[in-house]
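# Architecture and fold: a report
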Amino acid sequence: MFLLTTSLSFILVLMETWAIPENPKSLKVAFFLNEDAALDKLAITSATNYINNYAATQYSLNFILDPKIYRIKKNEIYNVGNLACDAIREGIAAIFGPENGEANEIIQSMALSLEIPQFQTYWNPNFASYVDLGKADKKETFNFNLYPSPSILSKAFATLVRENDWKSYTIIYENDDGLVRLQEVLKALSPNNPSVRYRKLDFGPDHRPILKEIVASGALHIILDCEADHTIDILSQAKEVKLFEEYHTYMITSLDAYTIDFRQLGEIKTNVSIIRMLNQKVVDTVIDNWELVDLERKLKIPNKLIKVNTAFLFDALNLFITAYSNLDREQEVDVKSLSCGTNEISTHGYRLSAFISMLNMTKGMLGEPISGLLNFNSLGQRISLKLQILELKKDEFRVTGIWDSNTPDVIHSTITSEDREKELEQQLKGRTFRVVSRIYPPYLSRKPGIDSSVMSGNNAFEGYAMDLMKGICELYECNYVFELVPDNNYGKYDPKTKEWNGLIGHLLARKADLAICDLTTTYERRKAVDFSNPFMTLGISILYTKIVKEPPDLLSFTNPLSLDVWLYMVTAYMVISMIIFLVARLNPNEWENPHPCNPNPEELENIWNIKNCFWLTLGSIMQQGCDILPKGISTRMVAGMWWFFTLIMISCYTANLAAFLTQERMGPTIQSAEDLAGQTKIKYGCLKDGATASFFRDSNVTTYHKMWVAMETADPSVFETSNIDGVKRVISNKGKYAFFMESSSIEYEVEKHCELVQVGNRLDTKGYGIAMPTNAPYRTSINQAILKMQEMGRLQRLKEKWWKEKNKANTCKKDEDSKSDSANELSLAHVGGVFVVLVVGMSIAMVIAVCEFLWHVWKIAVTQHVALKEVFLKELRFAMDIWCRQKPANPAANLNLSRETLRQGD
């Protein structure tokens, strides 16, 4: 690169040495530039080098261009006149600029009075009137403006609006010059056409208040007239207030709009149209020449895009040098020095201006004009104009049409009608739908590990709605992005605010393209938005809870009788046993002869001691009887009454136990909506402000209207803010609350929660549809996709996936439950307490037996004066001898016999 630039510099030096005549005259021109116009200076330098070197040789020029550049500072406008007088004294042939309106008035007046050609390159709406006034006594104009005239530009914008078939639009302008630029467009503004509005932006940097008002007006088509440098800031604020959305269409009037980097706005879905006047191919060639001069690359030209003022300045210099050289070859043009203090005028100005006025330049000494054909009317206004209509497509502009001032009422499209039709047919292809929904499984739920604060993103959610949208997008090769509605509501109209909330409000605010969830298609909602064909048919049904068997208590056999009854029975048992003991002692019939063979016994014996009395009463309770029975009338009376008491109590216990076990297997107590309406014990409700509530509220069926009145007057409220809360309430109330909801959602909840059950048939028939804004262009495509998926069986497979397959972990054991319910069996849990009582009783009996054995051993040892250990071992050995059936009546004799045996052995 260094060698290339060095070679070019050397060539330029040689060309300069060979081309310049020995005594060339100096052609001076004055440039009045802003202090920050660095690119303009580069254009002047490049053109000067080309003219003084290459063009001087090719066209045999006898002059060299000597540009005089004057910088105009914003705060020194008063000094412009002095700078202009200094330039005039230098003997200048033409004046270029300035771009400042106040400074231009001074220089334009001086150029007109001294008859020095002046070239203007900025938007000057007062140019024609000022020139017409100034040249009243002159035959020719000396002021030329390369910027298109207001009348021509306004015709171009009006034609573009008409071709786009905008019936209503809003004009946003930055200053009053914008209204001049859009005068033809504003002609449509009349009392008979109130759909055309215009709003002026404030001087401050914050334009959001005005932009919000435009959003509230529902404007869709926007014409933005502002400085190119301000465009991004205004559009950024428009994007913040939702005035730069997919459904908006913008037309930007600035001729420098094509130099704007719209990527600063991020992803752009809005349809943006601009106009371009410059020929980009010519611009690329010119900039390449400029970069040869700027060897150190101090100036950066992004994407080789320059503003029109710089292009007009270069074209003005091209126009001037071409006209001057042509005149100079015919007859030498003499440029003399003038003074501001005299009435002397230039000798070359009239001749040069007249030639420029007649010129139709398509190619000059510096090449093809960047801005196209250069020709002017008698006022010095540019009369020929060709504009390219550019449309923003994926961060890049494409040419969609050409507007020519020769045919101002037509835009020549560069895209054929066939191509447009194909684009419309493939409108969904590559499109990203904004889908709004709400959290409610299985239609949509957050994936495991996703924070509840996440409100959008496909990776954050899963469910039936996402799979449904995925199937649609697979058919049309489009994309989608899910987001949640902030208030988590379906959509209800508020008559006071005249606004919708929830999903419907989200669509009406153009914050989403589609709404997919368990959204019921209703008449009221259909008036606000459009719905697709139903992707699921359903109806209202009842969600209720099963009667869950609680595990029985260990002592469940005691449940038929209360604790008080059990305590009274124990007390009665003890009291009756003592009464039998006392009555038996009082009754002489209970005193018997212990020796029946002796007719005259000395003593009588009473068998009803405490033990026998308690044994008799216990045997009666256990329905086992006793081996001894009372003989006296009074004792028999007491025993008979006790037997009667135990007969009744045992019968009541047995009957109550059977009833208790039967009640434990009872199912739901309601089977239909009529059953609910006919009782007051079980409360019932539905989703607040939902389609189900509307069904009961608007129903003409007496039963349903009665139920709605009951729900409205219930305290506490039986309405829930979500179906999830309703399901939780059904579970927590355990048979005391029923919830009305869509049958499809009930099917999912029943699969998920084994304690729930669907009761009765559907109360109505309706469907879930995909909601979208009214007159959405993709409605037909969505309907076709749903029908196709239904025919392919994909909708049924999706339901099987999310209603059953995704709930395998919670599969209810229906077969086992039904088998258990059909068999009238008692499990161990029911009779386990009886076994416990048996074990405890046997354990106590064993303890008592051991105590009695030890007591017997101790008595023998004491009475027979035998060692306790010896007696214990002897008695234990005998007790463990299971084959021995007889025991000595005198334990002492047995012990003595054992001792004698031992001595003989010794």
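Residues numbered from 1 in each chain as written. Predicted model: local features only at pLDDT ≥ 70, side-chain atom pairs only at ≥ 80, totals over all residues. Heavy atoms only, no water.

For the rest of this paragraph, the subject is the pattern of salt bridges. Under the definition given, this model contains 30 salt bridges. The closest approach of N and O atoms between Glu720 and Arg729, which form a salt bridge, is 2.9 Å. Overall, the relative accessible area of 18% leaves Arg729 in the buried class. Here the salt bridges share partners, and the residues they tie into one network are Glu245, Arg431, Arg434 and Asp513. (Salt bridge = Lys/Arg side-chain N within 4 Å of Asp/Glu carboxyl O. Buried < 20%, exposed > 50% of the residue type's maximum accessible area, 1.4 Å probe, protein only.)

Turning our attention to the packing of helix H3 (residues 80–90) against helix H4 (residues 101–114). Where H3 meets H4, the axes come as close as 9 Å, and the angle between the chain directions of the two elements is 35 degrees. For the pair H3 and H4, the crossing hand works out as right-handed. Packed against H3, whose contacting residues are Val80, Gly81, Ala84, Cys85 and Ile88, the element H4 presents Ala103, Ile106, Ile107, Met110 and Leu114 at the interface. Here the residues of the contact of H3 with H4 sort into nine nonpolar, one polar and no charged. (Axes fitted to C-alpha atoms, helices over the stretch in contact; angles between N-to-C directions. Helix = DSSP H or I, 4+ residues; strand = E, 2+ residues; numbered from the N terminus. Left-handed = near helix turned anticlockwise from the far one by under 90°. Contact = heavy atoms within 4.5 Å. Nonpolar A, V, L, I, M, F, W, Y, C, P; charged D, E, K, R; others polar.)

What follows concerns the state of the cysteines. Scanning all chains against the criterion turns up one disulfide. A sulfur-sulfur separation of 2.2 Å characterises the disulfide bridge that pairs Cys85 with Cys340. Disulfide Cys85 to Cys340: torsion about the S-S bond roughly -120 degrees, handedness left-handed. Within this pair, whereas Cys85 is found in helix H3, its partner Cys340 is found in the loop between helix H12 (308–330) and helix H13 (349–358), the two being separated by 255 residues in sequence. Cys340 sits in the partly exposed class, given a relative accessible area of 30%. (Disulfide = S-S within 2.5 Å.)

With that settled, consider unusual backbone geometry. Here the residue pair Gly97 and Pro98 is connected by a cis peptide bond, since its omega of 0 degrees sits within 30 degrees of zero. You can see Pro98 is positioned in the loop between strand S3 (92–96) and H4. Here the amide bond leading from Asp715 into Pro716 is cis, since omega sits at 5 degrees, within 30 degrees of zero. A positive phi angle is found at His865, which is not glycine, with a value near 55 degrees. Residue position: His865 is located in the loop between helix H29 (828–864) and helix H30 (868–880).

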